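Residues per chain are reported as follows:
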Amino acid sequence: MTRIMGAIPANGPFPPHRGAVPVRTSFPRPPHAGSREPAMAGWLIDRMIVLLLLLAVIATFTLSSAMLTHWKIHYVTAGGGFYEKLHPATYLTFLAFGLLLLRNADPVGEIDRMFSGSKLILVYLACWSLLLVQMFVLTRPFTVIIDTFLLPVVLCLAIWQLSPTQRKPLIWATHLTILLNVCLGYYEYFSGHRLIPLTLGDVLVVGEWRSSALLGHPLTASGLVGAYILALVLRPALCPLAMLRIALIAFCLGSLMAFGGRTALITVLLVLGFVAAKAVWLILRGKQVSLPTVIATLCLLFIAAAGIFAAFDLGIFDKMLLRFSSDKGSALARFATFDLLSHFDWQELVMGPNPTRVNALQAQLGLNYGIENFWISCVVQFGLIHTILLTIGLICLFVEILKRANPAAWAIVLLILVIAASSVSFSSKNIQLAQFITLITLLLPRETTAPALRAAAGKPIRAY
């Protein structure tokens with residue numbers, strides 16, 4: 001046995017170590033006894049897992065609750081069977097996860113391997129389990145927390161088991177589905193024709209000019225497209241061709257006017273402004289920049305300025321600007337959200353008030369479309385204790401995600417926090433959290449090199 005400091009073994013995992021994130025290059029395969037049948041079966045299962053996750057990603061970005069309601073599926077509406085209450089992406093993800101556990105005929109060992117490097121996810125699942133117990137004890141619908149809070153973590157665990165080659169179809173599907181939604185957003189905005197009727201539960205929303213595309217709601221669409229813009233800006237490797245990347249960023253940034261999400265638009269512009277200010281500061285500090293880059297940047301700035309003035313003159317921004325001058329009661333709804341808590345006593349706030357009373361107060365205060373703050377909505381639904389536990393669990397989940405993500409993911413986490421504090425977001429039954437986490441996991445992985453892995457391991461790698 002010889003110690004080699006610069007080689008990575010091709011036939012074995014890295015030794016266990018503290019603080020490093022294990023990287024899997026492929027699904028672990030059991031030893032074969034000279035037969036090709038087990039190898040062929042393993043190859044087939046691998047393809048089935050990738051196919052199921054590919055369909056799950058596509059369903060996550062294209063099948064909204066409004067679309068399911070339009071197709072007469074009782075996903076968020078009353079009635080229907082139990083099987084209708086779970087999103088199709090949930091079924092596909094759990095099927096893929098089940099195949100992952102059975103891949104080597106050792107589900108217990110596979111679970112142990114999954115969680116050995118993701119111990120904080122166990123904290124999240126423990127907090128989620130306590131919330132599930134509360135839902136059963138109080139006889140409330142529990143499918144709400146499956147799609148909203150369990151789907152994201154299972155999807156993460158499944159994607160983390162894929163090799164970079166196996167992730168490529170999922171990455172392409174993410175790019176194409178988001179860009180498809182952007183194109184449909186432009187179409188709905190300029191044509192005035194909505195592909196899928198905008199509904200909130202059983203309520204049909206009419207007179208709404210904001211596009212929703214296949215994502216079901218304008219705020220959902222604007223938040224997701226905003227996160228995609230931040231990913232393109234902060235991780236240029238997603239699109240190495242600079243001109244194509246700039247064109248995609250401008251194309252997606254313009255769609256935020258069609259989707260009409262003020263919170264996402266302002267957050268994205270602030271992050272872009274910070275990135276631009278940092279670049280200018282580095283240049284002033286002496287960073288070398290090539291002359292063609294300076295010329296191209298100045299030309300793009302003039303073109304962008306001319307395009308903005310032309311669009312403003314044509315009235316393209318008029319509807320969006322009216323959202324800032326007349327928000328149709330959105331600000332009053334947010335004030336009413338904070339006023340809602342004053343109508344409950346401490347026992348109700350700690351353990352969770354009666355849902356019937358909550359619905360009556362929401363109707364009285366004009367909050368029929370929902371409570372536009374994630375934490376206040378959770379307090380009203382689950383109580384203060386479970387809201388604190390859920391917040392702790394979410395922090396642990398995002399810590400594990402950020403450990404495996406590019407530093408650019410911090411900007412998307414900031415966007416998620418702003419959206420959670422200013423809209424219904426993840427406090428209702430939806431897959432919006434799964435959409436954000438899927439985008440981070442697939443588009444913003446941490447680039448891990450062999451020297452970094454050896455440094456994290458803290459010991460030389462053995463070759464046999």
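About the cut-offs
One numbering rule holds for all chains: residues counted from 1, following each sequence as written. Totals for whole chains, interfaces and linings use all residues, but because this is a predicted model, local features are given only for residues with pLDDT of at least 70 and pairs of side-chain atoms are given and counted only at 80 or more. Side-chain numbers here rest on the full set of heavy atoms in the structure, without hydrogens or water. Secondary structure is summarised from DSSP: a helix means a run of H or I of at least four residues, a strand means a run of E of at least two, and numbering begins at the N terminus for each. Type-normalised accessible area, obtained with a 1.4 Å probe on protein chains alone, sets the label of each residue: buried when under 20%, exposed when over 50%, and partly exposed for intermediate values. Contact between two residues is taken to exist if any of their heavy atoms lie within 4.5 Å; hydrogens are not considered. Here the Shrake-Rupley method, with its probe set to 1.4 Å, supplies the accessible areas, and only the displayed protein chains count as covering residues. Paired rings are identified among Phe, Tyr and Trp, the last through its six-membered ring, by centres lying within 6.5 Å, and are further divided according to the angle between planes into stacked (under 30 degrees), edge-to-face (over 60) and tilted (the rest). Should the NZ of a Lys or the CZ of an Arg lie within 6 Å of a ring centre and within 35 degrees of the ring normal, that charge is described as sitting over the ring. Buried Ala, Val, Leu, Ile, Met, Phe, Trp, Tyr and Cys residues form a nonpolar core when they are joined through side-chain atoms within 4.5 Å.

1. A closer look at the overall build of the chain
Turning to step 1, where the next piece is worked out: Across its full length, the chain carries 20 helices and four strands.
Turning to step 2, where the next piece is worked out: Evaluated residue by residue, the chain yields a buried proportion of 46% over its 464 residues.
Turning to step 3, where the next piece is worked out: Across the chain, every contact between residues at least 6 apart in sequence was considered, and the portion connecting residues at least 24 apart equals 75%.
Turning to step 4, where the next piece is worked out: Accessible surface computed for the chain: about 23,500 Å², of which carbon and sulfur atoms make up 71%.

2. Considering the packing of aromatic side chains
Turning to step 1, where the next piece is worked out: Enumeration over the complete set of coordinates arrives at 10 aromatic pairs.
Turning to step 2, where the next piece is worked out: With a centroid separation of 6.3 Å and 10 degrees between ring planes, the pair formed by Y186 and F190 is classed as stacked. Here Y186 and its partner F190 are both found in helix α7 (residues 164-191), four residues apart, which amounts to about one turn of the helix.
Turning to step 3, where the next piece is worked out: Look at F190 and you get exposed, because its relative accessible area is 53%.
Turning to step 4, where the next piece is worked out: With a centroid separation of 5.0 Å and 35 degrees between ring planes, the pair formed by Y186 and F251 is classed as tilted. With a gap of 65 residues between them, Y186 in helix α7 and F251 in helix α9 (residues 242-259) connect regions that are remote in the sequence.
Turning to step 5, where the next piece is worked out: An aromatic cluster of three or more residues is present, and its members are F149, F374, W375, F426 and F436.
Turning to step 6, where the next piece is worked out: Positioned above the aromatic ring of Y75, the side-chain terminus of K429 is 4.5 Å from the ring centre.

3. Notes on the nonpolar core
Turning to step 1, where the next piece is worked out: I412 and L439 are the most contacted members of the largest nonpolar core, which has 104 residues in total.
Turning to step 2, where the next piece is worked out: Sequence-distant contacts of L439, that is, excluding residues within four places in its chain, are made with F61, I178, L224, A227, Y228, A231, I412 and L444.
Turning to step 3, where the next piece is worked out: Listed in part, the nine residues of the second largest apolar core include L340, L349, V358 and I376.

4. Overview of the environment of A41
Turning to step 1, where the next piece is worked out: Looking at where A41 falls in the secondary structure, it is placed in helix α1 (residues 36-62).
Turning to step 2, where the next piece is worked out: Residue A41 is classed as partly exposed on the basis of its relative accessible area of 38%.

5. Quick notes on the environment of Q435
Turning to step 1, where the next piece is worked out: In this fold, Q435 is placed in helix α19 (residues 432-443).
Turning to step 2, where the next piece is worked out: Taking the C-alpha atoms as reference points, Q435 and L224, 211 residues apart in sequence, are found 7.4 Å from one another.
Turning to step 3, where the next piece is worked out: Those residues within four positions of Q435 in sequence are excluded, and the remaining contacts are T60, F61, L215, T220 and L224.

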